[in-house]
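Residue-level listing of the chains:
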Amino acid sequence: MRHSAPSEGIAHPGDSENGLNSAEVEARRSQFGTNAILEATTAGWREVLGDSARDPMIWFLVGISVLFFALGDITEAIVLAVALVPILGMDAWLHRRTRASMEGLAGQLAVSCRVIRDGVICELPSEELVPGDLVVVGASESLPADGIIVAGSDLQVEASALTGESLPLRKAALTTISGDSIDDVSWGAAGTRLLTGELRLRVVHTGADTLYGQIVRLASAGPRDPTPMQAALRNLVSTLVVASIIMCVALAVARYHQGHGLLDALLSAVTLAVAALPEEFPVVFTAFLGVGVFRLARRKALVRRAVVVENIGRVTAICTDKTGTLTEGSLALVHLCPATGLAEQELLGIAAGASRADSSDPMDLAILSRGSAAEGARLATFPFNEQSRREVSVYDIPGKGRLAVCKGAPETVLAMSTLDETQRANWLAQAEQLAADGHKVLGCARLAISDWHGGEPDRDFTFAGLFAFEDPLRPGVKEAVTQARDAGIRVLMVTGDHPRTAVAIARELGMGDPEPRVISGDELALRLEREGVAAISGIDVVARCLPARKLDIVSALRSSGEIVAVTGDGVNDVPALQGADIGIAMGERGTRSAREVAPIVLLDDNFRTIVDAIAEGRQLFSNLQLSFAYLLMIHLPLVLTAAFIPWLGYPLLYLPIHVVWLELIIHPTALLVFQQLPAKGPLAPLDRSARPRFFNLRQWLVIGVTGGLLTVLVGAGYAYSLGPGQNVEHARTMALLSLIVASALVTAALSGLGTRSAWIAVAATLCSALVLIPLPSLAALLHLEPLHVDDWILATLGGCCVASVGLLFRPVRRRRQGPGGSYRPG
């Protein structure tokens, strides 16, 4: 990668001594501004309320609550008014957390730095940096801006949080500028950390112009569209509200014109309003989201935004970073290849001698964790640099004289050895094979010195062998990837690592058919421009991928119809986490910025948890389907019979007390019975054959036939039981019993009586009828009368017929888990 050379007015790229003077600083600050990623913003209550006021669900609950107050149903109105409190609280909390994530991103650049100004080194907040400043950065310090490395040796930087590189990157000072660009080896970026050495950085880009700043702009620019489930629910509720209002007005007018009087007309309209207004749907939806948050938390997936619970089960593609997500994010020494006649422990001792305990180099730390250098005084160390590509140490070993030990790039160490060309070629082939398998490879050698005058030994070494390091896979990740792929979920590795490293990990994970197909981020960008979303088809690994490219990949996948989840733990993942349908951050190793932006945080950083979370999300959606199906199957007959029977001139079927009784059955059943139904079996394969809807066509037919059949049974039972004598109490009791028995049996059919709450709900529903109807005193209080045995038999048979039709809903649900049954209004 190459970076644009600075303009003539910035600074002197090759000058490593002179900084800016005060006048130059002021001029540049007025031109470029401060080194801040984002301007600080204050999120007051007015802004929070403004965001909440744009949520139609808030206005729906407010309107329904006011309507219930006006209708005199104080209890229902208070319940709905209280329900506003957690909804507003969630909006305010999410608003604050979003602001906190942006502040966290910006705060990572707001650190002190040492800068040369007016000829002296002074320590200043990095926000005061301007292009042209000369900054001094020591080991373990972060770079505060983007710029050119103009001085320094033995430089290694950690860039995993910014670029996804799992291994330290070697850096070297710039000597000359060729053309209009600068090689990446001499470029320092804000957000990276210097591991070894000390460098001087000539600042080129500050604040929002840095690569870090561009990531933040990408993270904060994307709009948040309503989820399909939210849109479907709003459409459903809006339709039902409009229909309810029309039906209530029409019923009131009809009853008045039929000569029943104004009071009867108002009572009919009020009763129908209480039965018809669909407050259960948003309440059930909110309750199910809360249950989903709890169930996912038990799976070690912390949900920060409840609405994503309904999206997680719809995932059809997972874009995952390699470092720290599929792998452990740390180097491990996995292969020792000693030369003939040399034991592994001797090879480790030689390599340990060429390593430094005070170094932040993870390869040094990995070697020293396995072995230790021979006893003796270290006389000199010649550190690694880009020119020599080796590190040499000289020791004085008691009783054995002086010994030089060396480690470095295999080709460099082999060139220093006494091996012949054939032997060197064999070792190089072995090193290249290890590198092709995704390993970082070092060579090692030693040299006994009889006459040393202080220079760096560079020839006649005895080659000792090779070391291979790798970033190992997390336990259980391979099985999780296999399970996801078997379920039809596409797994795409998106990483900043070298293609050979990435494809080796992908091969170990079993990705690809049969071999992983890898492409670089730059090549994919060109193909996306030429071919559009088709360019991403068939790709398993995107290597050398910058943050902006990750967002392009997510956008391409979403444009092709995929529901995309993105996993990651670094700042480089933030734009994609923000732009995906589901952003999943690592809780243990993830940066604060990634955790704040992502709506789901994995508490155990285990890729398997993602698959478990998807399974839970699909089961939650299936359970929500069952709950909404139950509401429609029972509620529609209630509303239709409450409206059409009075329209036809019959006496009122339901009085307000009857509607309250039915609602006390319907509400708890919808809320409690279906939400805890457990998942059964492995993650099911996806059905991509149909246009995704909340209910598919067959499910709508089952709901329609079930609701229609129950409407006919209740209406016919009422008309038949009314008889010539117009016994309204008997007819009303028969209609209520038919509806109550059907509710209990439909609940049993849909839930399969798979939970304790299902048994309790069915038993309580039937017991309410057995207690309130047969006892004359209680029945009279409810304007009912006890029924004959044949009435109970007829009601039970009718309920069985209705439940048998409703039972057809369950097989469809089992086959249609996931995106094939996802959320769009049907």
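Note that the structure is a prediction, hence the values are computed from the model and not measured. (Residues numbered from 1 in each chain as written. Predicted model: local features only at pLDDT ≥ 70, side-chain atom pairs only at ≥ 80, totals over all residues. Heavy atoms only, no water.)

Student: How should the overall build of the chain be read in this particular structure?
Tutor: Counting secondary structure elements, the chain contains 29 helices and 25 strands. Taken across its 826 residues, the chain has 53% of its residues classed as buried. Of all intrachain contacts in the chain linking residues separated by at least 6 positions in sequence, the fraction that spans at least 24 positions is 74%. Looking at the chain as shown, the accessible area adds up to about 34,200 Å², and 59% of this sits on carbon and sulfur atoms. (Helix = DSSP H or I, 4+ residues; strand = E, 2+ residues; numbered from the N terminus. Buried < 20%, exposed > 50% of the residue type's maximum accessible area, 1.4 Å probe, protein only. Contact = heavy atoms within 4.5 Å. Areas by Shrake-Rupley, 256 points an atom, 1.4 Å probe, with all protein chains shown as cover.)

Student: Honestly, empty space enclosed by the protein in this entry has me stumped. Any pointers?
Tutor: Where empty space is left becomes clear once a probe the size of a water molecule has been rolled over the atoms. For the structure on display, the rule yields 5 cavities of 30 Å³ or more. Those elements giving two or more residues to the lining of the largest cavity turn out to be helix H13 (362–368), strand E16 (390–397) and strand E17 (401–408). Grouping the amino acids of the lining of the largest cavity by side-chain chemistry returns 3 nonpolar, 2 polar and 8 charged. Empty space within the second largest cavity amounts to approximately 60 Å³. What lines the second largest cavity is Cys319, Thr320, Asp321, Val494, Lys550, Val554, Val566, Thr567, Asp573 and Ala576. Elements supplying a minimum of two residues to the lining of the second largest cavity: strand E13 (317–320), helix H19 (547–559) and strand E23 (564–568). Considering only residue class, the lining of the second largest cavity consists of 5 nonpolar, 2 polar and 3 charged. (1 Å grid on protein atoms, 1.4 Å probe; cavity = no way out; pocket = protein on both sides within 12 Å on 5 of 7 lines; lining within 4 Å. Points joined across faces, edges and corners; volume = space filled by probe spheres on them. Nonpolar A, V, L, I, M, F, W, Y, C, P; charged D, E, K, R; others polar.)

Student: What is the right way to read the packing of helix H22 (residues 607–647) against helix H25 (residues 728–751) from this model?
Tutor: The relative placement of two packed helices is expressed as an angle between their axes plus a distance between the axes. One way to put it is that H22 packs onto H25 with a least axis distance of 11 Å and a crossing angle of 165°. The orientation of H22 relative to H25 falls into the category roughly antiparallel. Along this stretch, H22 crosses H25, giving a crossing that reads as right-handed. Counting all contacts with H22, which are made through Leu626, Tyr630, Met633, Ile634, Pro637 and Leu638, the residues of H25 involved are Leu739, Ala742, Ser743, Val746, Thr747 and Leu750. Here the contact of H22 with H25 is built from residues that sort into 10 nonpolar, 2 polar and no charged. (Axes fitted to C-alpha atoms, helices over the stretch in contact; angles between N-to-C directions. Parallel < 35°, antiparallel > 145°, perpendicular 65-115°, else oblique. Left-handed = near helix turned anticlockwise from the far one by under 90°.)

Student: In this structure, what is going on with the pattern of salt bridges? I would like to understand it.
Tutor: Side chains that differ in charge, positive against negative, can pair when their charged atoms come close. Counting across every chain of the model gives 14 salt bridges. One salt bridge in this structure joins Asp133 and Arg117, with 2.6 Å as the shortest N-O distance. One end of the pair, Asp133, is in the loop between strand E3 (120–125) and strand E4 (134–137); the other, Arg117, is in strand E2 (residues 112–117), with 16 residues separating them in the sequence. Bridged by salt links that share partners, the residues Arg114, Glu141 and Glu198 form one connected network. (Salt bridge = Lys/Arg side-chain N within 4 Å of Asp/Glu carboxyl O.)

Student: For this particular structure, what's the right way to read a nonpolar patch on the surface?
Tutor: A surface patch of nonpolar side chains, about 260 Å² in accessible area, is lined by Phe69, Ile74 and Ile78. Positionally, Ile78 belongs in helix H4 (residues 74–107). (Patch = residues over 30% accessible without salt bridge, like charges linked within 9 Å, V, L, I, M, F, W, Y side chains within 5 Å.)

Student: Would you mind showing me how to read the sheet that holds strand E21 (residues 518–520) here?
Tutor: Neighbouring strands of a sheet are bound in pairs by backbone hydrogen bonds; such pairs are parallel or else antiparallel. Strands sit in the order E12-E25-E24-E23-E13-E20-E22-E21 across an open sheet of 8 strands; the sheet is mixed. The open sheet has two edge strands, strand E12 (301–303) and E21, and neither has a second partner. Going from strand to strand, the sheet's axes swing by 20° on average, the running direction of each strand aside. Strand direction decides the pairing type here: E12 and strand E25 (residues 600–602), joined by 3 bridges, are antiparallel. Bridging from a neighbouring strand, Ala301 pairs with Leu602 of E25. Here helix H18 (residues 521–531) sits on the sheet in contact with E21 and strand E22 (541–543), set at roughly 85° to E21. (Pairing = 2+ DSSP bridges.)

Student: Looking at this structure, I do not really get the nonpolar core. What am I missing?
Tutor: Note on soluble globular proteins: their nonpolar side chains tend to be buried together. Grouped together as the largest cluster of nonpolar side chains are 110 residues, with contacts concentrated most on Phe607, Phe628 and Tyr654. By residue number, the principal contributor to this core is H22, which donates 21 residues. Once you skip the residues sitting within four places of it in the chain, Phe607 turns out to touch Ile318, Thr320, Thr325, Leu326, Val477, Ala480, Val481 and Val491. Counting residues in hydrophobic clusters, the runner-up holds 26 residues, among them Ile536, Ala556, Val566 and Ala585. (Core = buried A, V, L, I, M, F, W, Y, C linked by side-chain atoms within 4.5 Å.)

Student: Any chance you could explain the environment of Thr501 here in plain terms?
Tutor: By the secondary structure assignment, Thr501 is in helix H17 (residues 499–509). Residue class for Thr501 comes out buried when judged on its relative accessible area of 17%. Sequence separation between Thr501 and Asp471 is 30 residues, and the spatial gap between their C-alpha atoms is 9.5 Å. In this view, Thr501 contacts Lys322 and Gly438; residues no more than four positions away in its chain are not counted.

Student: Help me understand the packing of H25 against helix H26 (residues 756–772) in this model?
Tutor: At a closest axis distance of 9 Å, the pairing of H25 and H26 adopts a crossing angle of 170°. Compared by their axis directions, H25 and H26 come out roughly antiparallel. Packed against H25, whose contacting residues are Leu737, Ile740, Val741, Ala744, Thr747, Ala748 and Ser751, the element H26 presents Ala758, Val762, Thr765, Leu766 and Ala769 at the interface. Split by residue class, the contact of H25 with H26 holds 9 nonpolar, 3 polar and no charged.

Student: When you look at unusual backbone geometry in this model, what are you seeing that I'm missing?
Tutor: Note on backbone geometry: most residues besides glycine have negative phi, and most peptide bonds are trans. Positive phi, close to 55°, is recorded for Asp154, a residue that is not glycine. As for its placement among the helices and strands, Asp154 is situated in the loop between strand E5 (146–152) and strand E6 (155–158). Looking at Asp154, the relative accessible area reads 8%, which means it is buried. Phi is positive for Leu753, close to 50°, though the residue is something other than glycine. When its relative accessible area of 24% is taken as the criterion, Leu753 is described as partly exposed.

Student: I keep staring at the confidence of the model for the chain and nothing clicks. Help me out?
Tutor: For any part of a model where pLDDT is low, the fine detail of the predicted coordinates should not be relied upon. On average, the chain scores 79 in pLDDT, and the residues at 70 or more come to 78%. Mean pLDDT values for the elements of the chain range from 54 in helix H29 (residues 809–815) up to 93 in E4. Here residues 812–826 is modelled with pLDDT under 50, and outside its nearest four sequence neighbours on either side it reaches 61 contacts, counting other chains as well. (pLDDT = per-residue confidence, 0-100.)

Student: Just checking my understanding: could you explain the sheet that holds strand E10 (residues 193–196) for this structure?
Tutor: Strand order in this open sheet of 3 strands is E7-E6-E10, and the pairing throughout is antiparallel. Two strands close off the open sheet at either side, each with one partner strand: strand E7 (169–171) and E10. For this sheet the average axis-to-axis angle between neighbouring strands, irrespective of direction, equals 40°.

Student: I keep staring at the environment of Ala159 and nothing clicks. Help me out?
Tutor: Structurally, Ala159 is set in the loop between E6 and helix H5 (160–163). For the pair Ala159 and Gly496, spaced 337 residues apart in sequence, the C-alpha to C-alpha distance is 9.7 Å.

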